[in-house]
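# Summary of the model geometry
Chain residues, written in single-letter form:
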Amino acid sequence: VWRARTLPYPKDTYSVSVDHGTQRVVVRTSNKKFYKPFEVPELRALGQVLDEAALTWDWKNNTLVVQYRKPVEAVRAEVEEKMERRRLKDDTPVEGGDADCKQQ
């Protein structure tokens, strides 16, 4: 989810699309007053391409909200990374011996 605030133009002025050459989500206005590319580094790391169908956006209260739904492979990789971090945290030995060291 990305939020672009203080955008006073009407909703029909905005265009949100995927630039397939650079693999970025691009927000632009028809009056050429605003242009902003957004990267999705998680998908780039997995070698996934951006899908135009997974992109949605809305404009309310001078804020443009852009959402991109992650593919199943990206969610699966996220869960695996989380489990790996949790496993590493549990395997880390406590330095100095006893973790419940009482002060004297």
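What this report covers is the structure whose coordinates are included nearby. Counting starts from 1 at the beginning of each chain's written sequence and moves along it residue by residue. In keeping with the predicted nature of the model, local features appear solely for residues at pLDDT of at least 70, side-chain atom pairs appear and are counted solely at 80 or more, and the whole-chain, interface and lining totals rest on all residues. To obtain the side-chain values, all non-hydrogen atoms of the structure were included, while hydrogens and water were left out.

Membership of the largest hydrophobic core comes to 18 residues, with the highest contact counts inside it found for V25, L64 and V66. Should any heavy atoms of two residues lie within 4.5 Å, those residues are counted as being in contact. Every residue in contact with L64, bar those within four places of it in the chain, is listed here: W2, R3, A4, L7, Y14, V16, V27, W57, D58 and W59. Residues enter a nonpolar core if they are buried and are Ala, Val, Leu, Ile, Met, Phe, Trp, Tyr or Cys, with the set joined through side-chain atoms within 4.5 Å. Burial classification: accessible surface area is computed with a 1.4 Å probe over protein chains only, and a residue below 20% of its type maximum counts as buried, one above 50% as exposed, and the rest as partly exposed.

Moving on, we come to the sheet that holds strand β2 (residues 14-19). Strands pair in a sheet through their backbones, by hydrogen bonds, and they do so in one of two ways: parallel or antiparallel. Strand order across the open sheet formed by 3 strands is β2-β3-β4, with antiparallel pairing between neighbours. With one partner strand each, in any of the chains shown, β2 and β4 (35-39) form the two edges of the open sheet. The average undirected angle you get between the axes of adjacent strands in this sheet is 20°. Two strands qualify as a pair provided that DSSP identifies no fewer than 2 bridges between them. Working definition: helices are DSSP H or I runs of at least four residues, strands are E runs of at least two. Numbering for both runs from the N terminus. To obtain an axis, a line is fitted to C-alpha atoms, over the contacting stretch when the element is a helix, and the angle between two such axes runs from 0 to 180 degrees between their N-to-C directions.

What follows covers the pattern of salt bridges. Whenever Lys or Arg places a side-chain nitrogen within 4 Å of a carboxyl oxygen from Asp or Glu, that contact is recorded as a salt bridge. According to the stated counting rule, one finds 7 salt bridges in the structure shown. Of the charged contacts in the structure, one is a salt bridge between E84 and R87, with a shortest N-O distance of 2.6 Å. Separated by 3 residues within a single helix, E84 and R87 lie in helix α2 (residues 72-91), roughly one turn from each other. The partly exposed category is assigned to E84, whose relative accessible area is 37%. When salt bridges that share partners are traced, they join K11, D58 and K60 into one network.

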